[in-house]
Amino acid sequence: SLCLDGTGTRLLSGGLDALVKVYDLASLTVAHTMRMDAPIRAVAVAPDNSRLVVAAVDGMLTIRQRVAKVRWGVSH
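Here the structure is a predicted model, which is why all the values come from computation and not from measurement.

Reading the values: the criteria
Residues numbered from 1 in each chain as written. Predicted model: local features only at pLDDT ≥ 70, side-chain atom pairs only at ≥ 80, totals over all residues. Heavy atoms only, no water. Helix = DSSP H or I, 4+ residues; strand = E, 2+ residues; numbered from the N terminus. Buried < 20%, exposed > 50% of the residue type's maximum accessible area, 1.4 Å probe, protein only. Core = buried A, V, L, I, M, F, W, Y, C linked by side-chain atoms within 4.5 Å. Contact = heavy atoms within 4.5 Å. Pairing = 2+ DSSP bridges. Axes fitted to C-alpha atoms, helices over the stretch in contact; angles between N-to-C directions.

Asker: Looking at this structure, how should I read unusual backbone geometry?
Answerer: Across residues other than glycine, the phi torsion is negative in most instances, and most of the peptide bonds are trans. Despite not being glycine, Ala18 has its phi angle at roughly 65°, a positive value. The residue Ala18 is located in the loop between strand 2 (10-14) and strand 3 (19-24) in this model. A residue is classified by how much of its surface remains accessible, and Ala18, at 8% relative accessible area, is buried.

Following this line, the structure appears as structure tokens:
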């Protein structure tokens with residue numbers, strides 16, 4: 001699964017390897033990598049980049065809230 005962030009400057013990918021990768025489109029490098037508990041079916045980002053939603057093939061939905069400018073944290 002692929003999606004752009006709210007600014008259109010980063011591309012997020014999620015796949016069967018259970019990794020979410022965040023690519024910086026200006027430098028074409030991986031800026032962040034997050035390991036999930038199961039293979040990923042879909043990824044999405046809120047328009048204001050405040051939340052990341054990951055749907056896994058096992059039916060689990062993970063929502064992470066951004067807690068700092070460059071890191072994602074778990075939402076409670």
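Asker: Is there a simple way to explain the nonpolar core in this structure?
Answerer: Cys3, Leu12, Val20, Val22, Met34, Met36, Ile40, Val43, Val45, Leu52 and Val54 form the largest nonpolar core, which has 11 residues in total. Listing elements by their share of this core, those giving two or more residues are strand 3, strand 5 (40-45) and strand 6 (51-56). Looking at this core element by element, the count peaks at three residues for strand 5. Filtering out sequence-adjacent residues up to four positions away, Cys3 remains in contact with Arg10, Leu11, Leu12, Val43, Ala44 and Val45.

Asker: How should the pairing of strand 6 be read in this particular structure?
Answerer: Within a regular beta strand, the side chains point alternately toward one face of the sheet and then the other, so they alternate between its two faces. Here strand 6 shows one buried face, formed by Leu52, Val54 and Ala56, and one open face, formed by Arg51, Val53 and Ala55. Where strand 5 folds back onto strand 6 in an antiparallel hairpin, the turn is made up of five residues, including Asn49, whose phi is positive at roughly 65°. Counted along the chain from strand 6 to the antiparallel partner strand 7 (residues 61-66), the turn is four residues long, and its residue Gly59 has a positive phi close to 95°.

Asker: Would you take a moment to explain the pairing of strand 5 for this structure?
Answerer: Bridge count between strand 5 and strand 6: five bridges; the pairing is antiparallel. The residue of strand 6 that forms the bridge with Ala44 is Val53.

Asker: Is there a simple way to explain the sheet that holds strand 4 (residues 29-35) in this structure?
Answerer: Overall, antiparallel pairing links the four strands, which are arranged 1-2-3-4 in an open sheet. With partners counted over all chains shown, the strands left at the sheet margins are strand 1 (2-4) and strand 4, one partner each. Taking the axes of each pair of neighbouring strands and ignoring which way they run, one obtains an average angle of 20° across the sheet. Two strands pair when backbone bridges link them, and strand 1 and strand 2 are joined in this way by three bridges, in the antiparallel orientation. Bridge assignment links Cys3 to a residue of strand 2, and that residue is Leu12.

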